[in-house]
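# Report on the structure
Spelled out, the chains give:
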Amino acid sequence: MGKWVLILWLLIFADAQLSGYLQDETSLLELQRAGIPEEPFLEAGIGREESLLYLAFWKDLVWFPLAGPFHGTQEEFFFENSWHDQRSYGGERLHEGCDIFGSRSISGYYPVISITDGRVEQIGWLPLGGWRIGIRSQGGGYFYYAHLSSYGKNFGEGDQVKAGEVLGFMGDSGYGPQGTTGQFPPHLHLGIYVRTEEEEEHALNPFPVLQFLQEKQKNFSY
């Protein structure tokens, strides 16, 4: 009797292992079919299940979120995987995004452009984010651009925007009441959120998105 129980347990264990393997393989195939490179997700430590949440909006991605002056070469922008780094302003919390810096630390110099087509869902001042704008893409991704120095035009909630449209300019606003600036170097904070069955706004790590888009930089003459 004990022998058959052991065999049955081994069969159940093997079936579970095979099921998990097939699930991983299916997830990988889905990412590959959507043109999503696996390497940035592995580098960022993002699991396959979490990676699948990027599928909904991946086809919406068009441009890197910062543009530089047109001078024949791409402007250098710098970012790293700062996902869930500790932050303390407003209480202990985890960083839900990536910060992008330019080679020139000048507020108001670099245009912030929309990564996707979409609709303005939120705009205005937040103590943490300063002047910010949130765009919901057609696939359901919510792209949060924060710490702007100013807006590209007088946007309102519900306005439609096109990928590559200037949303505003990279700045150093935030970490205080409306109008606060200078609390940190100029940079763009990018956050990405999606709706899930469990959460209205589930935060995703933008690092693999930025890696994917870093060669898709739009430049302007200014």
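Residues numbered from 1 in each chain as written. Predicted model: local features only at pLDDT ≥ 70, side-chain atom pairs only at ≥ 80, totals over all residues. Heavy atoms only, no water.

Where an unreviewed UniProt entry is consulted, the chain appears under the name M23 family metallopeptidase, with the organism given as Candidatus Blautia stercoripullorum.

Across its full length, the chain carries five helices and 14 strands. Taken over 222 residues, the chain has a buried fraction of 42%. Long-range contacts, defined here as pairs at least 24 residues apart, represent 64% of the contacts in the chain between residues at least 6 apart. (Helix = DSSP H or I, 4+ residues; strand = E, 2+ residues; numbered from the N terminus. Buried < 20%, exposed > 50% of the residue type's maximum accessible area, 1.4 Å probe, protein only. Contact = heavy atoms within 4.5 Å.)

Describing an aromatic ring pair means giving the distance of the ring centres and the angle of the ring planes. Under the criterion given, the structure shown has 14 aromatic pairs. Plain terms: the ring middles of Phe 57 and Phe 143 are 5.5 Å apart, the flat faces sit at 85° to each other, and that makes the pair edge-to-face. Note that Phe 57 is positioned in helix α4 (residues 55–58) and Phe 143 in strand β9 (residues 142–151), a separation of 86 residues in sequence. Here Phe 57 matches Phe 143 in class, with each residue buried. These aromatic residues form a ring-pair network of at least three members: Phe 41, Tyr 54, Phe 57, Trp 58, Phe 143 and Phe 212. One Lys or Arg, Lys 216, reaches over the ring of Phe 212 and ends 5.4 Å from the middle of that ring. (Phe/Tyr/Trp six-rings, centres within 6.5 Å; stacked < 30°, edge-to-face > 60°. Lys NZ or Arg CZ within 6 Å of the ring centre and 35° of its normal.)

A contiguous patch of negative charge, built from Glu 49, Glu 96, Glu 197, Glu 198 and Glu 199, is present on the exposed surface. One can find Glu 49 in helix α3 (residues 48–51). (Patch = residues over 30% accessible without salt bridge, like charges linked within 9 Å, V, L, I, M, F, W, Y side chains within 5 Å. Areas by Shrake-Rupley, 256 points an atom, 1.4 Å probe, with all protein chains shown as cover. Salt bridge = Lys/Arg side-chain N within 4 Å of Asp/Glu carboxyl O. Lys, Arg positive; Asp, Glu negative; His and termini not counted. Charge placed at Lys NZ, Arg CZ, Asp CG, Glu CD.)

Note: strand β6 (residues 111–113) against strand β11 (residues 166–170), three bridges, orientation antiparallel. Counted as the bridge partner of Pro 111 is Phe 169 from β11. Here three bridges tie β9 to β11, and the two strands are oriented antiparallel to one another. Note on β11: the bridge partner recorded for Leu 148 is Met 170. (Pairing = 2+ DSSP bridges.)

Quick look at the pattern of salt bridges now. For the coordinates displayed, the defined rule picks out seven salt bridges. The partner of Glu 38 in a salt bridge is Arg 48, with the nearest N and O atoms 2.6 Å apart. Linking Glu 38 in helix α2 (residues 38–43) with Arg 48 in helix α3, this pair joins segments that are 10 residues apart in sequence. Its salt-bridge partner being Glu 121, residue Arg 119 comes within 3.5 Å of it at the nearest N-O pair. Residue Arg 119 is classed as partly exposed on the basis of its relative accessible area of 34%.

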